[in-house]
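Residue-level structure breakdown
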Amino acid sequence: ATVEHQAVVASTFLRIGQGNRAITALRRAFKLVEGHSSPPLPINKLANALVRLQLCVVLSQLGRHDQAYSEASQARTELDSIWGALTEAAEVVKEADAMGDYSRPAPHLRKMLFRPPSW
């Protein structure tokens with residue numbers, strides 16, 4: 001099972017009126033994200049933020065607006081963190097490349113900047 005698959009499952013459950021089962025699928029997606037890296041890589045943080053936004057939609061549909069707002073706020077915090085890390089990494093790449101140093105920033109950030117995920 002992948003995070004994307006769990007998101008599709010959740011969407012299907014929501015469409016057929018089974019919001020609580022959608023929440024369960026999204027909770028599984030959170031566990032998948034958590035199990036993939038420590039400390040979390042930007043791509044994992046992005047996946048986590050996207051799951052939070054989907055959870056926000058489900059909770060809102062169920063009338064649980066305070067919880068939905070909380071999830072949306074946490075997603076924003078995650079996305080702000082990612083944006084800051086990638087902005088800083090882009091500056092490091094520019095400076096490092098100008099000096100001929102292709103080892104900075106860390107390989108996972110460099111890869112993400114030059115070959116972002118297709119989704």
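**Brief notes about the nonpolar core**
L26, V51 and L55 are the most contacted members of the largest nonpolar core, which has 17 residues in total. Within the residue set of this core, elements represented by two or more residues are α1 (3-15), α2 (19-34) and α3 (42-61). Counting residues per element, this core draws most heavily on α2, at seven residues. Ignoring any residue separated from it by four or fewer positions in sequence, one finds L26 in contact with A7, A10, V51, Q54, L55 and V58.

**Digging into the pattern of salt bridges**
A side chain with one charge may pair with a side chain of the opposite charge, provided their charged atoms come close. Enumeration over the complete set of coordinates arrives at four salt bridges. Among the salt bridges present, the one from R52 reaches E71, with a minimum N-O distance of 2.6 Å. Within this pair, whereas R52 is found in helix α3, its partner E71 is found in helix α4 (residues 65-98), the two being separated by 19 residues in sequence. In this structure, R52 and E71 share a single accessibility class: buried. The closest approach of N and O atoms between R104 and D101, which form a salt bridge, is 3.0 Å.

**Comments concerning the confidence of the model for the chain**
On average, residues of the chain carry a pLDDT of 88, and 93% of them reach 70 or more. Mean pLDDT per element in the chain: helix α5 (residues 107-114) is the minimum at 78, and α1 is the maximum at 92.

**Comments concerning α1**
For α1, with 13 residues, the first-to-last C-alpha span of 18 Å sits near the 18 Å given by 1.5 Å per residue. Those residues of α1 not exposed but buried are V3, Q6, A7, A10 and F13. Considered in projection along α1, the buried side chains sweep an arc of 125 degrees and stay on one side of the axis. Of the exposed residues in α1, the ones pointing more than 90 degrees away from its buried face are E4 and R15. On its buried side, α1 packs onto α2 and α3. Immediately downstream of α1, the backbone of G17 shows phi near 80 degrees, a positive value.

**Points about unusual backbone geometry**
In this structure, the amide linkage connecting R104 to the following residue, P105, adopts the cis form with an omega of -10 degrees. On the secondary structure map, P105 appears in the loop between α4 and α5.

**A closer look at the environment of A89**
In this fold, A89 is placed in helix α4. A sequence separation of 21 residues divides A89 from R110, and the C-alpha atoms of the two residues are 7.5 Å apart. For A89, the residues in contact, after removing those within four places along its chain, are P105, L109 and L113.

**Quick word on the packing of α2 against α3**
Where α2 contacts α3, the two axes come as close as 10 Å, and the packing angle between them is 170 degrees. In terms of axis orientation, α2 runs roughly antiparallel to α3. Across the interface between the two elements, G19, A22, I23, L26, R27, A29, F30 and V33 from α2 touch N44, A47, N48, V51, R52, Q54, L55, V58 and L59 from α3. Of the residues contributing to the contact of α2 with α3, the split by class is eleven nonpolar, four polar and two charged.

About the criteria used
- Within every chain, residues take consecutive numbers counted from 1 along the sequence as written.
- Restriction of local features to residues with pLDDT of at least 70 applies here, the model being predicted, together with a cutoff of 80 or more for giving and counting side-chain atom pairs; totals for whole chains, interfaces and linings are based on all residues.
- With hydrogens and water set aside, each side-chain value is computed from the structure's full complement of heavy atoms.
- Side-chain atoms within 4.5 Å link the members of a nonpolar core, which is a set of buried Ala, Val, Leu, Ile, Met, Phe, Trp, Tyr and Cys residues.
- With a 1.4 Å probe rolled over the protein chains alone, any residue whose accessible area is under 20% of its type maximum counts as buried; one over 50% counts as exposed, and the rest are partly exposed.
- In this description a helix means any DSSP run of H or I spanning at least four residues, a strand means any run of E spanning at least two, and both kinds are numbered starting from the N terminus.
- Here, two residues are considered to be in contact whenever any of their heavy atoms come within 4.5 Å of each other.
- The working definition used for a salt bridge is a side-chain nitrogen of Lys or Arg within 4 Å of a carboxyl oxygen of Asp or Glu.
- Values of pLDDT, which run from 0 to 100, indicate the predictor's confidence residue by residue.
- Under the convention used throughout, the expected extent of a helix is 1.5 Å for every residue step, that is, one less than its residue count.
- It is the directions from the helix axis to the C-beta atoms that the arc portrays.
- As a rule, the C-alpha atoms of each element are fitted with a line to give its axis, helices using only the stretch in contact, and angles between N-to-C directions run from 0 to 180 degrees.
- Our angle categories are set so that under 35 degrees counts as roughly parallel, over 145 as roughly antiparallel, 65 to 115 as roughly perpendicular, and the remainder as oblique.
- In this classification, the charged set is Asp, Glu, Lys and Arg, the nonpolar set is Ala, Val, Leu, Ile, Met, Phe, Trp, Tyr, Cys and Pro, and all remaining amino acids, among them Gly, are polar.

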